[in-house]
Amino acid sequence: MNQQDSRKWIGQPLDRVDGPAKVTGQATYAADYRGNSPAAIGFIVEAGIGKGRIVSIDTRAAEASDGVLLVLTHQNAPEQAPFGSHDDAGRFGQSHAVLENENVKYHGAPVAFVVAETLEQARHAAHLVSVRYDQQPGVFDAEAHEDKATKPDSLDGADQADKEVGHFEPAFEKSAVTVEAEYHTPSQHASAMEPHATVAEWSDGKLTVHMAVQIIADARKGFANTLKIEPGDVRIVSPFIGGGFGSKLGIHNEAILAALAARELDRPVRVAQTRRNLFANGPHRTAHRHRLKLGADADGRLQAVSHDSLAVMSRGYPFAEAAGGLTQSSYAAEAIRMSHRIVEANVPKVDSMRAPGEAIGTLVFESAIDELAERCGIDPIEFRLLNEPETEPGSGKSFSTRPLARCLREGAAKFGWQSGVVRPGMKRDGRWLIGHGVAAAIRPNNIEPAGAEASLARDGRLTLSLDMTDIGTGTYTILGQIAAETLGMDTGAVEVRLGDSDFVETCGSGGSFGAGSTGTAVQQACDSIRTDILARAARIDPDWSGVNSADLTIDGDRVSVGDRSLALGDILDAVGGEAFRAKSHIKPGDAHKTMAQYSYGALFAEVGVDADTAEIRLRRLLGVFDAGRILNHKTAHSQLMGGMIFGIGAGLLEESLMDMRYGAFMNRDLAEYHIAVNRDVPRLEVHMLEGFDEHSNPLGSKGIGELGICGTGPAIANAVYDATGHRARKFPIHIEDVLPAVARLTKGNAASR
Ligand code: MOS
């Protein structure tokens, strides 16, 4: 590589810059923060009923217990804005008031908060709080209360809850081949490695919060609105976050409780939630019932597609998942319909989790597509190619790019796909029934408003400051690459400062929009610095006027263009100033309204199903993805691989089980809530197409974080069908669901012998 090429940083598979700090324990996560004075420790007392009223609460024993400093209940909790108020600030910025009154909204909701000198003292005293309840029948399950279902006012990730393009019923009626099926997807918990934690401290009426949160600006609003203080009096610090997956988009009970208690005690208060706490005091994805109807003509051309979903919404917290959103963008059809219904229920906060909408939507929809292809007698890849749309079927908009067919074709070649109609039970490896499955992944590409500030010092060191977060995705690294490439400098000379509300506001991390949005803001700020340097240099030396800013490089403390070279300090001395500074602010361009923008993928799975026990082992998983231009091949690879591993969970493992008598989640730890572990994860292959979506942003990149999860679950489900003849209607797929099909196959084989 020559000097010029080595400065093309964007795309290079650089190691994470925060890696050494993390593996040596130097990275301070929220609960690691130690202020000037020792923090008191808080512990949440959870409600033991799903719905009802606190009749009495006795805190005397807890208050008298060793080390206890404060016990907050609804009787002595400081005044807050009512939960849900300021809804114009969005669900993350609205009031998140706690301990408001004697009413219990859901099982595990805080009924008291104990603060003591040590964790052990707080936890012990929490068990001494005695609560008597008047228990009332609650609503915990959408299907049992379908008569109460309503259309949600808003849907996360789609513009309308109900939509019909064309006329569904007649198109379905006249279809030669149909699939009509009901599916169930489970409740799930994000289960980030770092449980939610907050350290709150007050000084002169101003609140500083060290916490794990994905979107800092919204968190600031959330505290201000709840506590009735000015957003400017709240500082949020979140430099390192041990995974979010949606569960840290907003703020949760522990954060508000810490802030309230710290103000009462005039002392920092730390709360690190336990894994158990999180199943009630953190958000979750809720269970859905999906009804799908698909119709095709005799040649396998889709005529009619409909997806109706039903789920609960946590009472007073407006979030509904767009499970059917992708039906309008996946395949061409004469008529497309979707509907979403919700039942307000006494369940903990239901919120975004890992590709909200698409993850569960593709799980069932791509399963149904596989079934329809089979009934049409067409290879599942051919079927998808046959129904590729010219424009977005639900809106008529042009796609910014549409390389789904290429993902499918390249994936088929790499995987060794054997074309043909799926015929279950034909492949065998000893005792294992072998199955292959394919599914498409489609995930909306969004850009959100974001700012950035850049400062280039006379010694040639560049500092970027923005309130963006790195939730383990690689933000620190890619922003440095974008800045270094823009200014023709070494990435080692760039310092990226994130995770502090004192820095310029951004969109934060979520919805796979973080990298494209903040990356563009960083590029623009650095571009302004480049322009500024040249303008100032031209004032010193006219020889610098008119040069191409793209040719500018910075080496140590000198800036050069071709054979011209100046010390940065000399420029600053001549024109005044200590550093070159620039601020940027970007927002989505019109092409985000006028065009349909998505990232794509094709997922291929090979499973083995034990011919006697129906044990399912995933043997191979391969994905070919298009997310426009890849900003760092290593972090992107990890993002996609992580998404695929979540997809394994969606297909085979993850479910939060609720006891419907009480509305209580039962499997509240990682022994019983099954995340895919190494033993569950086979050889994964991740391939990325080299794309550039000029309509997405100037970098050409598209969202990648939530892409891998879409398509993986259904590829596995379709492979299980190929192996056994079992069509999954309920996720995750359990052994006992597959056993009857396996038994039929085995009996059939025995009979034919
Ligand atoms: Mo994501 S579920 O928007 O963090």
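Rules used in this analysis
- Residues numbered from 1 in each chain as written.
- Predicted model: local features only at pLDDT ≥ 70, side-chain atom pairs only at ≥ 80, totals over all residues.
- Heavy atoms only, no water.
- Helix = DSSP H or I, 4+ residues; strand = E, 2+ residues; numbered from the N terminus.
- Rg over C-alpha atoms; globule rule 2.2 N^0.38 Å.
- Areas by Shrake-Rupley, 256 points an atom, 1.4 Å probe, with all protein chains shown as cover.
- Lys, Arg positive; Asp, Glu negative; His and termini not counted.
- Charge placed at Lys NZ, Arg CZ, Asp CG, Glu CD.
- Phe/Tyr/Trp six-rings, centres within 6.5 Å; stacked < 30°, edge-to-face > 60°.
- Buried < 20%, exposed > 50% of the residue type's maximum accessible area, 1.4 Å probe, protein only.
- Lys NZ or Arg CZ within 6 Å of the ring centre and 35° of its normal.
- Axes fitted to C-alpha atoms, helices over the stretch in contact; angles between N-to-C directions.
- Parallel < 35°, antiparallel > 145°, perpendicular 65-115°, else oblique.
- Left-handed = near helix turned anticlockwise from the far one by under 90°.
- Contact = heavy atoms within 4.5 Å.
- Nonpolar A, V, L, I, M, F, W, Y, C, P; charged D, E, K, R; others polar.
- Expected span 1.5 Å × (residues − 1).
- Domains from an automatic or database assignment.
- Buried area = accessible area lost by both parts, 1.4 Å probe.
- Polar contact = N/O pair within 3.5 Å; in protein donor to acceptor, adjacent residues only side chain to side chain.
- Core = buried A, V, L, I, M, F, W, Y, C linked by side-chain atoms within 4.5 Å.
- Pairing = 2+ DSSP bridges.
- Salt bridge = Lys/Arg side-chain N within 4 Å of Asp/Glu carboxyl O.

1. Regarding the overall build of the protein
Reasoning step 1: Regarding its fold elements, the protein presents 19 helices and 31 strands.
Reasoning step 2: On C-alpha atoms alone, the protein measures out to a radius of gyration of 27 Å, which is about the 27 Å that the 2.2 N^0.38 rule sets for 753 residues.
Reasoning step 3: In terms of overall dimensions, the protein has C-alpha extents of about 90 × 75 × 50 Å along its principal axes.
Reasoning step 4: Within the structure as shown, the protein displays about 28300 Å² of accessible surface, and the carbon and sulfur contribution to it stands at 48%.
Reasoning step 5: Computing the positive centroid from 77 side-chain charges and the negative centroid from 99, the protein places the two 3 Å apart.

2. Examining the packing of aromatic side chains
Reasoning step 1: Going through the model one piece at a time under the given rule, you end up with 11 aromatic pairs.
Reasoning step 2: Judged by centre distance (5.8 Å) and plane angle (65°), the rings of Phe 279 and Tyr 673 are edge-to-face. Of the two residues, Phe 279 sits in helix α9 (residues 275–281) while Tyr 673 sits in the loop between β30 (664–665) and β31 (683–688), which places them 394 residues apart along the sequence.
Reasoning step 3: With a centroid separation of 5.8 Å and 70° between ring planes, the pair formed by Trp 417 and Phe 604 is classed as edge-to-face. With Trp 417 in the loop between α12 (404–415) and β17 (427–429) and Phe 604 in strand β27 (residues 598–610), this residue pair connects regions lying 187 residues apart in the sequence.
Reasoning step 4: Given the relative accessible area of 13%, Trp 417 is considered buried.
Reasoning step 5: Of the residues examined, Phe 604 reaches a relative accessible area of 0% and is grouped as buried.
Reasoning step 6: One aromatic cluster is present, built from ring pairs that chain together Tyr 29, Phe 240 and Tyr 476.
Reasoning step 7: Taking the ring centre of Phe 83 as reference, the NZ or CZ of Lys 105 above it sits at 3.7 Å.

3. Notes on the packing of helix α13 (residues 475–486) against helix α14 (residues 514–540)
Reasoning step 1: Two numbers describe how α13 lies on α14: the axes approach to 9 Å, and their chain directions differ by 30°. Regarding the angle of α13 to α14, the classification is roughly parallel. Helix-helix and strand crossings are classified by hand; for α13 and α14 the assignment is right-handed. When α13 is examined against α14, the residues Ile 478, Leu 479, Ile 482, Ala 483 and Thr 486 are found in contact with a partner set consisting of Ala 515, Thr 518, Gly 519, Val 522, Gln 523, Cys 526, Asp 527 and Arg 530.
Reasoning step 2: A breakdown of the residues in the contact of α13 with α14 according to their chemical character gives seven nonpolar, four polar and two charged.

4. Some thoughts on unusual backbone geometry
Reasoning step 1: Cis geometry is found at the peptide bond from Phe 731 to Pro 732, where omega equals -10°.
Reasoning step 2: Among the structural elements, Pro 732 can be located in the loop between α18 (712–724) and α19 (735–752).
Reasoning step 3: One non-glycine residue, Ser 512, adopts positive backbone phi at about 55°.
Reasoning step 4: Tracing the chain through its elements places Ser 512 in the loop between β21 (494–497) and α14.
Reasoning step 5: Taking the relative accessible area as the measure of exposure, Ser 512 reaches 16% and is therefore buried.
Reasoning step 6: Non-glycine residue Ala 614 carries a positive phi angle of around 65°.
Reasoning step 7: By secondary structure assignment, the location of Ala 614 is in the loop between β27 and β28 (616–626).

5. What to know about helix α8 (residues 253–265)
Reasoning step 1: Across its 13 residues, α8 extends 18 Å between first and last C-alpha, which sits within 8% of the 18 Å expected from 1.5 Å per residue.
Reasoning step 2: Taking burial as the measure, the 13 residues of α8 include 10 buried ones, the bulk of the element.
Reasoning step 3: Of the residues flanking the end of α8, it is Asp 266, one or two places downstream, whose phi is positive at about 55°.

6. Comments concerning the domain arrangement of the protein
Reasoning step 1: Domain assignment breaks the protein into domain 1 (5–26 + 447–587), domain 2 (30–137 + 219–228 + 242–273) and domain 3 (377–444 + 593–752).
Reasoning step 2: Between the C-alpha centres of domain 1 and domain 2 there is a distance of 41 Å.
Reasoning step 3: Taken together, the contact pairs four residues of domain 1 with four residues of domain 2.
Reasoning step 4: Interface area for domain 1 against domain 2, summed over the two sides, is near 300 Å², with a carbon-plus-sulfur share of 48%.

7. Side note on the side chain of Lys 702
Reasoning step 1: By secondary structure assignment, the location of Lys 702 is in the loop between β31 and α18.
Reasoning step 2: For Lys 702, a relative accessible area of 7% gives the class buried.
Reasoning step 3: In terms of polar contacts, Lys 702 uses its side chain to reach the backbone carbonyl oxygen of Tyr 598, at 2.7 Å.
Reasoning step 4: Within polar-contact distance, the side chain of Lys 702 engages the side chain of Asp 693 at 3.0 Å.
Reasoning step 5: The contacts of Lys 702, once residues within four sequence positions are left out, are Ser 400, Thr 401, Asn 445, Tyr 598, Ser 599, Tyr 600, Asp 626, Ala 627, Gly 628, Arg 629, Asp 693 and Ser 696.

8. Quick notes on the nonpolar core
Reasoning step 1: Judged by nonpolar contacts, the single largest core of 88 residues is most densely connected at Leu 372, Phe 604, Val 607, Val 609 and Ile 733.
Reasoning step 2: Counting residues per element, this core draws most heavily on helix α10 (residues 358–376), which supplies nine residues.
Reasoning step 3: Each residue touching Val 607, except ones within four places of it in the same chain, is listed here: Leu 433, Ile 434, Gly 435, Ile 616, Arg 617, Leu 618, Arg 619, Ile 716, Ala 719, Val 720 and Ala 723.
Reasoning step 4: Met 468, Trp 544, Val 547 and Leu 566 belong to the second largest nonpolar core, which has 50 residues in total.

9. Looking at the pairing of strand β1 (residues 40–46)
Reasoning step 1: Most of β1 sits out of view: six of its seven residues are buried.
Reasoning step 2: Summarising the sheet, β1 and strand β12 (residues 269–272) pair through two bridges and their orientation is parallel. Following the sheet pairing, Ala 40 is matched in β12 by Val 269.
Reasoning step 3: Both β1 and strand β5 (residues 110–116) contribute to a ladder of six bridges, which runs antiparallel.

10. Notes on the sheet that holds strand β24 (residues 564–567)
The strands that make up a sheet are held in pairs by hydrogen bonds between backbone atoms, and each pair lies either parallel or antiparallel.
Reasoning step 1: Judged by pairing direction, the sheet is antiparallel, and its three strands sit side by side in the order β22-β23-β24 without closing on themselves. What marks the edges here is a single partner per strand, and that holds for β22 (552–555) and β24. Each neighbouring strand pair of the sheet contributes to a mean axis angle of 20°, computed without reference to strand direction.
Reasoning step 2: Bridge count between strand β23 (residues 558–561) and β24: four bridges; the pairing is antiparallel. Bridging across to β24, Ser 560 finds its partner in Ser 565.
Reasoning step 3: Relative to β24, helix α15 (residues 568–575) is tilted by about 70°, and along the sheet it contacts β22, β23 and β24.

11. Considering the side chain of His 307
Reasoning step 1: The residue His 307 is located in strand β14 (residues 302–314) in this model.
Reasoning step 2: You can call His 307 buried: its relative accessible area is 1%.
Reasoning step 3: In this structure the side chain of His 307 is engaged in a polar contact, spanning 2.9 Å, whose partner is the side chain of His 290.

12. Description of the pattern of salt bridges
Reasoning step 1: Taken as a whole and assessed by the stated rule, the structure comprises 53 salt bridges.
Reasoning step 2: Across the pair Asp 502 and Arg 235 runs a salt bridge whose closest N-O atoms are separated by 3.2 Å. Here Asp 502, found in the loop between β21 and α14, pairs with Arg 235, found in strand β11 (residues 234–237); they are 267 residues apart in sequence, far enough to count as distant.
Reasoning step 3: Look at Asp 502 and you get exposed, because its relative accessible area is 52%.

13. Side note on the sheet that holds β17
Reasoning step 1: If you walk across this open sheet you meet the five strands as β17-β18-β27-β28-β31, and the pairing is mixed. The open sheet has two edge strands, β17 and β31, and neither has a second partner. Neighbour-to-neighbour, the strand axes of the sheet open up by a mean angle of 25°, direction not taken into account.
Reasoning step 2: Where β27 lies against β28, 10 bridges are found, and the strand directions are antiparallel. Bridge assignment links Glu 606 to a residue of β28, and that residue is Arg 620.

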